[in-house]
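Each chain, written out:
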Amino acid sequence: MADIASELSVAFGQAFEALGLDPKLGAVRRADRPDLADFQCNGAMAAAKQARRNPREIATELVEKLSDVDGIADITVAGPGFLNVKVTPELLAQRTETVRSSEMAGADPSEETRSIVIDFGGPNVAKPMHVGHLRSAVIGDTLKRLCRFLGHHVVGDAHLGDWGLQMGQLIVGLSEEQPDLPYFDAANEGPFPATSPVDIEDLARLYPLASGKSKSDEAYRERCQKATAELQAGRAGYRALLKHFIDVSVAALKVDYDQLNVSFDLWKGESDADPFVAPMIEDLKSRGIAEESDGAWIIRVAREGDKGKTEMPPFIMVNSRGGVGYHTTDLATIFDRVHNLAPKPDLMLYVVDQRQALHFQQVFRASEKAGYFPEDGLEHIGFGTVNGDDGKPFKTRDGGTVRLSDLNRMALEEAEKKIATANLSADLSADEVRDIALKVALAATRFSDLQNTRTTDYKFDLERFTSFEGKTGPYLLYAAVRIKALLRRAKAEGNAAGDILIDSESERALALQMDAFNTALEQSYAKRMPHFLCEHVYNLAQAFSGFYGAHPIAAEKDPAKRASRLALCEAVLNQLETGLDVLGIKTPERM
RNA sequence: GGCCCCGUAGCUCAGCAGGAUAGAGCAACGGAUUCCUAAUCCGUAGGUCACAGGUUCAAAUCCUGUCGGGGUCACCA
């Protein structure tokens, strides 16, 4: 069953049509004046403009057609031509029962099923993640969950940064520390030792060292570039090393991602695109799509209608030293996905920093031009930067960044502290406390990030990430936990949920809020913006808190009211947990 | 300089496919616990929606310009 707003929109659309007006004008939404109505429709005013008629007159005619519609208790014209609708308690009760009992808690699956690749996370080998990596991880993972929830087929790919100059830097860095390792003998074709010559601490030490030296020392940089080129050309020792670097890094990355409840279906990296690079280059050269310019091979992607006086820079397929960068591996990755994934993707989302916008525009245009995958199936889901107090993005290499692992640890510590001071019965085991703390920390961290509009920058505030009061993840958990406690008590007392009766203001508000779930999901999906869902879930928790404060529930004496309120609680819990699950947040039993 | 994003309450942010009285959280102030978890709830105070024009019955929302902040602009990723 569709939500009330949608059903009313259909009825209103028909009424508009019956008057010879555009049915789209019948869009009905939640009223922004809850004192006056439950739902409103503003279409009469727009219709008046189109038809050059008096808006109130049109509105009045619509009222006549609509007043008999099932579920509408009252419909009136207000102001210049607003249509205000109040619905019956019976309709709200019926709708709430659907929320309570349906698998999707009142939401509907998407009408068409798509095959979607979501490229997110984008961690680099050897570089510990910092708070800037939180966004891609959490937004990407949430979009993955959202798409799946709506019925789409989704593949999440971490797309490791494992193929650039940084690899050459690591190789050179390691060769200076341990020059006698077999990997550095160019004549050695393998096999090489199975155990890794480095652990994550080694990588964390080597990378900044080599990266720094590469900046200041030109000869050193050239060695790194050479090593990178040799790696890419297939030098056996270097390839073997790369494998170790990746394995060691992935194991470390998984620790951070696990704590954020972020997971991937594929741990592919730029290096996995390598087998497709050479044939692709040949293909693009032979078809004249790539051309030579200043010693490099490029694809021109500027177009006629482009804004500005300066042309969009070309896509660099092969640089003048014969190397390839991430433009090329990204394009080859598209090629790989189109040919090797089943089902074949029809949409690819790239959850990457907004600053990469130009890069993706170039890659997408190149893909279109090459005929590999249509441009309109490629979307850069850019997000704003995480800024410091100075309003500027955290720098990756300079000091002053907060590591993601540190953020995770601090959130967990705060959660443990809070549990210690909360009046939880002391009968919880250490494992239970740990489990609750992890869930609270997870909720706090994910929600703090996800509630921000995807595209805007936000200032990193540690307090906000480790705060559990107000508009936070733990607030949502608290609402769910309270409901669970109520239901436990009711069960213990032998009381069950029953028929839903909506007869108080707070129950009404709660029912109306639950009706908005589907719209929130649709908005989040359509705009690829999880914050709409965050907003909904938060409003739901607030509406529940209001209801909780206004009525006894498990303690209610009247059996019919008690049964109804318990059912209402079950509906809220179902939708709350469902929504939280899409956001990647886990709910404890108590906290 | 070209292009992109942003400027809303003391702070952090929603709202922007135009609509009625611009909303949350934090911070401030005042209340609520013999009663289902106070990580909660109720209330008060706080805003020329950067500025100036324009379109419209109606603009925080759309258009133009100005100012301020950030990002980005072929061979690093």
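Counting from 1, residues in each chain are numbered in the order their sequence is written. Written order determines the labels here, with chains lettered from A and ligands numbered from 1. Thresholds applied to this predicted model are a pLDDT of at least 70 for local features of residues and 80 or more for the giving and counting of side-chain atom pairs; totals over whole chains, interfaces and linings are not thresholded and use all residues. Calculated side-chain values reflect all of the structure's heavy atoms, with hydrogen atoms and water omitted.

1. A short note on the overall build of chain A
To qualify as a helix, a DSSP run of H or I must reach at least 4 residues; to qualify as a strand, a run of E must reach at least 2; elements of each kind are numbered from the N terminus. When helices and strands are counted, chain A shows 20 helices and 13 strands. Out of the 591 residues belonging to chain A, those deemed buried represent 52%. In chain A, the proportion of contacts linking residues at least 24 apart, taken out of those at least 6 apart, comes to 74%. Burial classes follow relative accessibility: with a 1.4 Å probe on protein chains only, a residue under 20% of its type's maximum area counts as buried, one over 50% as exposed, and anything between as partly exposed. Two residues form a contact once any of their heavy atoms are found within 4.5 Å.

2. A closer look at a negative patch on the surface
On the surface, a cluster of negative charge is made up of Glu111, Glu112, Asp346 and Glu522. Checked against the element boundaries, Asp346 lands in the loop between helix H11 (326-340) and strand E10 (347-350). A patch consists of residues exposed above 30% relative accessible area that lack any salt bridge, with like charges linked at up to 9 Å and nonpolar side chains (Val, Leu, Ile, Met, Phe, Trp, Tyr) linked at up to 5 Å. Note on areas: Shrake-Rupley, 1.4 Å probe, and residue coverage restricted to the protein chains presented here. Salt bridge, as used here: a side-chain nitrogen of Lys or Arg that lies within 4 Å of a carboxyl oxygen of Asp or Glu. This count recognises Lys and Arg as positive and Asp and Glu as negative, with His and chain-terminal groups excluded. Working definition for charges: the position is that of NZ of Lys, CZ of Arg, CG of Asp or CD of Glu.

3. A few points about the sheet that holds E10
Read across the sheet, four strands follow the order E6-E5-E10-E11 without closing on themselves; strand pairing throughout is parallel. Each edge of the open sheet carries a strand with a single partner, namely strand E6 (153-157) and strand E11 (378-380). Recorded for the sheet is a direction-independent mean angle of 15° between the axes of neighbouring strands. Only the contacting stretch of a helix is used when fitting its axis, a line to C-alpha atoms as for every element, and angles between N-to-C directions run 0 to 180 degrees. Set on the sheet, helix H12 (residues 357-370) makes contact with E10 and E11; between it and E11 the angle comes to about 175°. DSSP-based pairing: two strands are paired if at least 2 bridges between them are found.

4. A closer look at the protein's contact with RNA strand B
In the vicinity of RNA strand B, 69 residues are found, and the nearest of them are Arg33, Phe82, Asn319, Tyr478 and His551. Here a residue is considered near a molecule or strand provided that any single heavy atom belonging to it is located within 4 Å of it. For RNA strand B, the fraction of protein-proximal atoms (within 4 Å) that sit in sugar or phosphate groups is 61%. Polar contacts, as counted here, are pairs of nitrogen or oxygen atoms within 3.5 Å of one another; within protein the pair requires one atom able to donate a hydrogen and one able to accept it, and residues that are adjacent in sequence qualify only if both atoms are side-chain atoms. The separation between a base nitrogen of RNA strand B and a polar side-chain atom of Asn84 is 2.7 Å. Interatomic distance of 2.9 Å between a backbone N/O atom of Ile553 and a base nitrogen of RNA strand B. Elements with a minimum of two residues in the surface near RNA strand B: helix H2 (43-51), strand E4 (82-87), helix H13 (404-421), strand E13 (458-459), helix H16 (473-492) and helix H19 (531-550). Counting residues per element, the surface near RNA strand B draws most heavily on H16, which supplies seven residues.

5. Examining the confidence of the model for chain A
A residue's pLDDT is the predictor's confidence in that residue, given on a scale from 0 to 100. Taken as a whole, chain A shows an average pLDDT of 92; of its residues, 98% reach a score of 70 or greater. Two summary scores accompany this predicted model of the complex, namely pTM at 0.94 and ipTM at 0.95.

6. Overview of unusual backbone geometry
Here Ala342 and Pro343 are connected by a cis peptide whose omega angle stands at -5°. Relative to the assigned elements, Pro343 resides in the loop between H11 and E10. Although it is not a glycine, His159 sits at a positive phi angle of roughly 45°. Residue position: His159 is located in the loop between E6 and helix H6 (165-177).

7. Comments concerning the nonpolar core
With 150 residues, the main nonpolar core has Phe12 and Phe245 as its most contacted residues. Beyond its immediate sequence surroundings of up to four residues, Phe245 is in contact with Val125, Met167, Leu170, Ile171, Leu174, Val198 and Leu203. Only buried Ala, Val, Leu, Ile, Met, Phe, Trp, Tyr and Cys residues count toward a nonpolar core, and they belong to the same one when joined by side-chain atoms within 4.5 Å. Core analysis: the next-biggest nonpolar cluster, separate from the first, contains 29 residues, Phe364, Tyr372, Phe373 and Leu378 among them.

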